[in-house]
Amino acid sequence: MSFFGTVGGLAKNRTFKPRGAKNDNSTRAYQLKKYAEQTLGSGNLRDAVLLPEGEDLNEWLAVNTVDFFNQINMLYGCVTEFCTPQECPVMCAGPRFEYHWQDGVRYKKPTKMSAPEYVDNLMNWVQGMLDDEALFPSKIGVPFPKTFPATVKSIVRRLFRVYAHLYNHHFAQLCALSIEAHLNTSFAHFLFFVDEFKLVEKKELAPLAELNASILSR
Ligand code: ZN
């Protein structure tokens, strides 16, 4: 545990385990994940997000959502010593976009909080959904619930905010750590994905509008 990681006691428990695609190479999710990695290796992110022929859309949405969750977890984990309640007292993406947390359980109303507290709530909330077999079935033959596309939309809409916070408030630190290329690749992949399947409304993506336009016009 780093010294900074203990500030305010908020960022210390960043122990989200990478989840999903069980490491059993016989599962559908594992095969799809392998396929996605190979396609990504080809360097064309726009093609990499396309639904593979004959594949189930929900399965594809699930594999990619888990993957983005793990990537964001890793990327945000690199700046937890900088993203403190002192440095980032409010969860925002630049001066014009502020986010208040609401999950209907612990926070019934939109609640203003520091960025590390917000991200902690967000990642725990997503992890809870990914671990819920009724929402995110991982066993072969278990059908996806009707609500699955809506669940994915609500997850990626909120995951975007972590990218937006990283770009607006921690980009220099990510550059200093030489991981900005990972952020750029991860975000471009994410953006092509949400664009392909129309998962996030344009107004939600506004904090990174210029970057988005330049990525999508590639
Ligand atoms: Zn921050």
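Now for a quick tour of the structure. (Residues numbered from 1 in each chain as written. Predicted model: local features only at pLDDT ≥ 70, side-chain atom pairs only at ≥ 80, totals over all residues. Heavy atoms only, no water.)

Thoughts on the nonpolar core
- Residues Leu159, Phe187, Phe190, Phe193 and Leu199 are the most contacted members of the largest nonpolar core, which totals 59 residues.
- Elements with a minimum of two residues in this core: helix H3 (57-77), helix H4 (115-130), helix H5 (148-169) and helix H7 (180-196).
- Broken down by element, the residue count for this core peaks at 11 residues, all from H5.
- Not counting residues within four places of it along the chain, the set of residues in contact with leucine 159 comprises Phe69, Ile72, Leu122, Met123, Val126 and Phe190. (Core = buried A, V, L, I, M, F, W, Y, C linked by side-chain atoms within 4.5 Å. Buried < 20%, exposed > 50% of the residue type's maximum accessible area, 1.4 Å probe, protein only. Helix = DSSP H or I, 4+ residues; strand = E, 2+ residues; numbered from the N terminus. Contact = heavy atoms within 4.5 Å.)

Details of the coordination of the zinc ion
- Distances from the zinc ion to its protein donors, Cys83 (SG), Cys88 (SG), His165 (NE2) and His170 (NE2), fall within 2.0 to 2.3 Å.
- Around the zinc ion, the 4 donor atoms sit at angles spanning 103 to 116°, and that spread fits a shape best called tetrahedral.
- Coordination of the zinc ion draws on donor residues from a single chain, spaced C-x4-C-x76-H-x4-H in sequence. Taken individually, histidine 165 and histidine 170 each receive the classification buried, so the pair is uniform in this respect. (Donors = N, O, S within 2.8 Å, 3.2 Å for Na, K, Ca; no water. Tetrahedral: all angles 85-135°; square planar, octahedral: opposite > 155°, others 65-115°.)

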